[in-house]
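# Survey of secondary and tertiary structure
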Amino acid sequence: MGATARISNGICLDMNPAGCEGLVLEQIKAAGDMDRQGKEPRSVLVLGASGGYGLSARIFSAFGKGAQTMGVSLERAPCEKRGGSPGWYNNIAFETVAKQANLKAVTLQGDAFSEATKLQVVEAAREHQFEPFDLVVYSLASPVRTDPETGVTHRTTIKPIGQPTSTLTINLANGQLKNVSLNPATEAEIADTIKVMGGEDWKLWMNKLHEEGLLATGVKTVAFSYIGPPVSNDIYRSGTLGRAKEHLEATAHELASLLETIGGSAYVAVCKAVVTRASAVIPAMPLYIAALFRVMKDMDLHEDCLQQIKRLFRERLYTDGKVPVDNEGRIRIDDWELRTDVQEKVAEIYSKVNNENVWSLVDFEGYQNDFLALHGLKG
Ligand code: NAD
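As a starting point, this report considers the structure included with it. (Residues numbered from 1 in each chain as written. Predicted model: local features only at pLDDT ≥ 70, side-chain atom pairs only at ≥ 80, totals over all residues. Heavy atoms only, no water.)

### Focus: helix H3 (residues 86–100)
Quick note on the threshold: Every helix listed is a DSSP run of H or I at least four residues long, and every strand listed is a run of E at least two residues long, numbered separately from the N terminus. Between the first and last residue of a helix there are one fewer steps than residues, each counted as 1.5 Å, and that sum is the expected span. Throughout, exposure labels follow a simple rule: accessible area from a 1.4 Å probe, protein chains only, divided by the maximum for the residue type, with under 20% read as buried, over 50% as exposed, and the rest as partly exposed. Residue contacts follow a heavy-atom distance rule, with two residues in contact if any of their heavy atoms lie within 4.5 Å.
For H3, which comprises 15 residues, the first-to-last C-alpha distance of 22 Å matches the rise-based estimate of 21 Å (1.5 Å per residue) to within 8%. What H3 keeps buried is the set Pro86, Gly87, Tyr89, Asn90, Asn91, Ala93, Phe94, Val97 and Ala98. Taken together, the buried residues of H3 touch helix H1 (17–33), helix H2 (52–64), strand E4 (68–73), strand E5 (105–109) and helix H12 (364–374). Backbone geometry just after H3 places Asn102 at a positive phi near 60°.

Below is the structure:
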């Protein structure tokens, strides 16, 4: 399985456009099979629409709900020397099927952090006569952001804060365990990571859309966060990425005040760990996700991006009552992942895992299948 795929440091260097299209079609079919309960959302903007949670949110909005969708992403177009990035082909597949289904769909390629892309969205919404957006999904995962005000480029760093850490992970190329040691981040690295993955750009987007009158009365906006278990704590929640997520979560409160004037609301949804191109490059995550998959599949609790999004829409964002949140105002769809019984089993796997038993203790095959599938290399 995947013997010919070239994988280096969590990045797959090969891809197959037809396979990417197939994966999008599978999700579209699954979303269409989920019933069209409720009328919302009707008009959806997804920032980071070509992969992972953003792609599933777009697919579920369109094919599960019948909404018009605008998607923004930054993907590599094919050129003479090499093919495009997987998200490039995902976007084409989505648009093709949406058009066949008479669903309005506009896909824009550009740097979502730039002012130019924000203007492009405003113009496209007018040109294509979008209804004001009643849902804005913020699902960017990026290693880099150029601040549109200062022109300074900031980079994400994945490091612990305060003290060095070492963590066990799995080499995706050969399924062998390896230890990764990381030094603590500097103050500048922490600040840079917050600049890229915190809430500053989300706020710029919502202000812009609000100023331009492109937000519907009662609009909802949601961005995605992660908390995770003790085994990833040093590297994630207590590390640089966790600081950025705290900033994102605080931004939701600021945006809630802005949107109050039009009856709108802003949320951060804490999602479950899944296999995406972004999560594959975070040390500790591949082994943790493979262990989690084993446990959650065995307990019949496993969810992929689309199933998480379905639960987010149906049981959190669009219910008859108030949106259920935790005591910090966050939507929790990582509730099953963080169940005590699930985490106890994950911890048990960690206490026993070694290079001899890793393939039988964790669902490495499931992880690798999902990872290769993201690049159209399934089966
Ligand atoms: P992903 O890599 O699958 O998708 C990232 C998207 O962002 C892609 O559409 C990409 O084109 C787009 N993008 C990146 N830089 C861009 C730019 N400058 N301009 C426009 N588009 C750009 O990532 P994902 O894992 O789905 O992550 C989405 C969000 O979900 C992130 O905030 C992440 O932290 C969060 N999240 C992920 C997980 C997980 O396990 N994958 C869990 C919880 C929360």
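### Focus on the pairing of strand E11 (residues 215–225)
Keep this limit in mind: Only strands that DSSP links by at least two bridges are regarded as paired with each other. A clockwise path from the first strand over the helix to the second, with the strands pointing away from the viewer, defines a right-handed crossover.
Counted residue by residue, E11 has nine buried out of 11 residues, so it is predominantly covered. In this structure, strand E6 (residues 133–138) lies alongside E11, joined through five bridges in parallel fashion. When the bridges of E11 are listed, Tyr138 appears paired with Ala223. Inspection of the sheet shows E11 paired to strand E12 (residues 265–270) by six bridges, in the parallel sense. Along E12, the bridge assignment pairs Thr221 with Ala266. In terms of handedness, the path from E11 via helix H7 (residues 240–260) over to E12 forms a crossover that is right-handed.

### Quick look at unusual backbone geometry
Most of the time, phi is negative for any residue but glycine, and the peptide bond is trans. The phi dihedral of Asn102 falls on the positive side, at around 60°, and the residue is not glycine. Locating Asn102 in the fold gives a position in the loop between H3 and E5. With a phi close to 60°, Asp300 is a non-glycine residue in the positive phi region. Looking at where Asp300 falls in the secondary structure, it is placed in the loop between helix H8 (285–298) and helix H9 (305–317).

### Thoughts on a nonpolar patch on the surface
The condition is simple: Patches here are clusters of residues that have more than 30% relative accessible area and form no salt bridge, with a 9 Å joining cutoff for like charges and a 5 Å cutoff for nonpolar side chains (Val, Leu, Ile, Met, Phe, Trp, Tyr). Here, Shrake-Rupley sampling with a 1.4 Å probe gives the accessible areas, and only protein chains in the shown set may cover a residue. For this analysis, a salt bridge means a side-chain nitrogen from Lys or Arg found within 4 Å of a carboxyl oxygen belonging to Asp or Glu.
A contiguous nonpolar patch, built from Ile11, Leu13 and Val281 and spanning about 240 Å² of accessible area, is present on the exposed surface. Structurally, Val281 can be placed in the loop between E12 and H8. Looking at Val281, the relative accessible area reads 35%, which means it is partly exposed.

### Things to note about the site of the ligand
The line we're drawing: When at least one non-hydrogen atom of a residue lies within 4 Å of a molecule or strand, that residue is treated as near it. Any N or O atom pair separated by 3.5 Å or less is treated as a polar contact, with the protein-specific requirement of one donor-capable and one acceptor-capable atom, and with residues adjacent in sequence counted only for side-chain atom pairs. Classes in brief: Ala, Val, Leu, Ile, Met, Phe, Trp, Tyr, Cys and Pro nonpolar; Asp, Glu, Lys and Arg charged; the others, Gly included, polar.
Of all residues adjacent to the ligand, which total 28 residues, the nearest are Ser50, Glu75, Ala112, Lys245 and Thr276. A distance of 3.2 Å separates a nitrogen atom of the ligand from a polar atom in the backbone of Leu74. Within the backbone of Val274, an N or O atom sits 2.8 Å from an oxygen atom of the ligand. Coverage of the ligand by the protein chains reaches 91% of its 840 Å² of free accessible surface. For the shell around the ligand, the secondary structure elements donating two or more residues are H2 and E11. Partitioning the shell around the ligand into residue classes produces 13 nonpolar, 11 polar and four charged.

### A look at the packing of H8 against H12
Rules: Orientation is described by axes fitted as lines to C-alpha atoms, over the contacting stretch for helices, and by angles from 0 to 180 degrees between their N-to-C directions. Put simply, angles under 35 degrees are roughly parallel, angles over 145 are roughly antiparallel, angles from 65 to 115 are roughly perpendicular, and the rest are oblique. The hand of a helix crossing depends on one turn: near helix anticlockwise from the far one by less than a right angle means left-handed, and clockwise means right-handed.
At their nearest, the axes of H8 and H12 sit 8 Å apart, and the two run at 115° to each other. Our classification of the angle between H8 and H12 gives roughly perpendicular. Classified by chirality, the crossing of H12 by H8 is right-handed. In contact with Pro286, Ile289, Ala290, Phe293 and Lys297 of H8, H12 contributes Phe364, Gly366, Tyr367 and Asp370. Partitioning the contact of H8 with H12 into residue classes produces six nonpolar, one polar and two charged.

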